[in-house]
Amino acid sequence: MVRLYRTCLPLALCLLAAVSGYAWSAASPTIESKYPGLSSGVLRQAVPGVVSGALAEADGMKITSGDLAAQLAKMRSPAKEQYGVYQFALLEDMITSRLIDKEARTWALNNSIFGLQGEELMRQFADSLVGGVKVSDEEALAFYKENADQFGSATYEQMASSIKSYLQGEKVNALLRNHIATLSSRHSIRISDVWAKQQYRKWIQNPIEQARRSGKPTLVKFGADTCMPCRVMAPIIKELGEKHKGKFNLLDINTDKEPVMSIQYGAEAIPLLIFYDKDGKEILRHTGGWDKASIEAGLARIGVQ
């Protein structure tokens, strides 16, 4: 079964959940419209501009470079090094966390719930957002049939409980991601345009962005050494890379060693394959194990013949 790389923690409410699919207003510049791809979450709709004495302001709460430095000091490797380079991702995490905390406190007050704080407050707030999520037998059986090759000789009856638990987690993640996605519609967020521009220049130097701007199609595989489906696919992808050598870029991102990159590109579960065409446009993404014919068909869709 697909190994969930970044599970949705009640404490954090998927603070780093990747978000996509918004319609942007041409009349109001946003971080996404001005610096495409820099944000993977709530800051996509933030407004770039002048922020007095800070890097960002969200509902009157300011975050300074000193705040970022203090947060970095608490981190461990490898996240610490990556967030040190891609500080916009760290800012996004901090703003999301603060706004979620504010909403949780407001929810508790509105519901006359007193005395809650910290993890317990966040857990109950998360439960209020996703309560009642269920997975039917029909959904679980359909998933079993669609991913039969990943279960080996195990029967549906043997796997039903695990499948339902996994699918329920996916539904919960989707609901919480949606809540994160709409944060900027409920809160005023402004980001220093000067700082955002500096961060964008750093971001587009990462290997994936460089590959997307190379004029060649690109296949990015997100995985980890402990992920069995990743290990099964590795020789297949290597073979296809050699077969079509020079025709496309092939990148292998280890989610354990590259946590920030993985989060920014939405690698919530692994293995994840993302196919980009020669113009850098995402054409296809697939989560889970895939056979050689399917991967080669994906390459054909981005122009690799």
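Structure's up top.
Every value quoted in this text rests on a predicted model; they were computed, and no experiment measured them.

1. With respect to the sheet that holds strand S3 (residues 56-58)
Here is step 1 of the chain: Across the sheet, which stays open at both edges, the four strands sit in the order S2-S5-S3-S4 with mixed pairing between neighbours. The sheet is open, and its two borders are formed by strand S2 (47-49) and strand S4 (61-63), each paired with just one other strand. Averaged over all adjacent pairs, the angle separating strand axes in this sheet is 25 degrees, with direction ignored.
Here is step 2 of the chain: The sheet strands contacting helix H4 (residues 87-110) are S3, S4 and strand S5 (189-192), and the helix crosses S4 at an angle near 160 degrees.

2. Some words on helix H11 (residues 228-243)
Here is step 1 of the chain: Relative to the 22 Å expected for 16 residues at 1.5 Å per residue, H11 spans 24 Å between its end C-alpha atoms, a close match to the ideal helical length.
Here is step 2 of the chain: Of all bends in H11, the biggest is about 30 degrees, found at Ala-234, and the proline Pro-235 comes one to four residues later.
Here is step 3 of the chain: Of the positions making up H11, those classed as buried are Pro-229, Cys-230, Met-233, Ile-236, Ile-237, Leu-240 and Gly-241.
Here is step 4 of the chain: In this fold, the buried residues of H11 make contact with strand S6 (218-223), strand S7 (249-254), strand S8 (269-270), strand S9 (272-276) and helix H13 (292-301).

3. A closer look at the nonpolar core
Here is step 1 of the chain: Within the largest apolar cluster, 56 residues are counted, with the highest numbers of intra-cluster contacts made by Leu-43, Leu-91, Ile-95, Ile-189, Ile-191, Ile-208 and Phe-222.
Here is step 2 of the chain: With residues up to four places along the chain from it excluded, the contact list for Leu-91 reads Leu-43, Ala-56, Ile-63, Leu-68, Ile-191 and Trp-195.
Here is step 3 of the chain: Counting 13 residues, the second largest nonpolar core, distinct from the first, contains Phe-275, Ile-295, Leu-299 and Val-304.

Reading the values: rules and limits
Starting from 1, residues in each chain are numbered consecutively following that chain's sequence as written. This being a predicted model, a pLDDT of at least 70 is required before a residue's local features are given, and a value of 80 or more before pairs of side-chain atoms are given or counted; all residues contribute to the totals for chains, interfaces and linings. Note: side-chain values were computed over all heavy atoms of the structure, leaving out hydrogens and water. Here, strands pair whenever DSSP counts at least two bridges between them. The numbering of helices and of strands both runs from the N terminus, where a helix is a DSSP run of H or I of at least 4 residues and a strand a run of E of at least 2. Axes, fitted as lines to C-alpha atoms, cover a helix only where it is in contact. Angles between the N-to-C directions of the axes lie from 0 to 180 degrees. By the convention used here, residues are in contact when the closest approach between their heavy atoms is within 4.5 Å. A helix's residues, less one, multiplied by 1.5 Å, set its expected span. Two axes are fitted around each residue, one to the seven residues ending there and one to the seven starting there, and the angle between them is reported as the bend at that residue. Exposure classes here rest on a 1.4 Å probe applied to the protein chains alone. A residue is buried below 20% of its type maximum, exposed above 50%, and partly exposed in between. We define the nonpolar core as a collection of buried residues of types Ala, Val, Leu, Ile, Met, Phe, Trp, Tyr and Cys that are connected through side-chain atoms lying within 4.5 Å of one another.

Interpretation note: all reported values are geometric properties and have no functional meaning in isolation.
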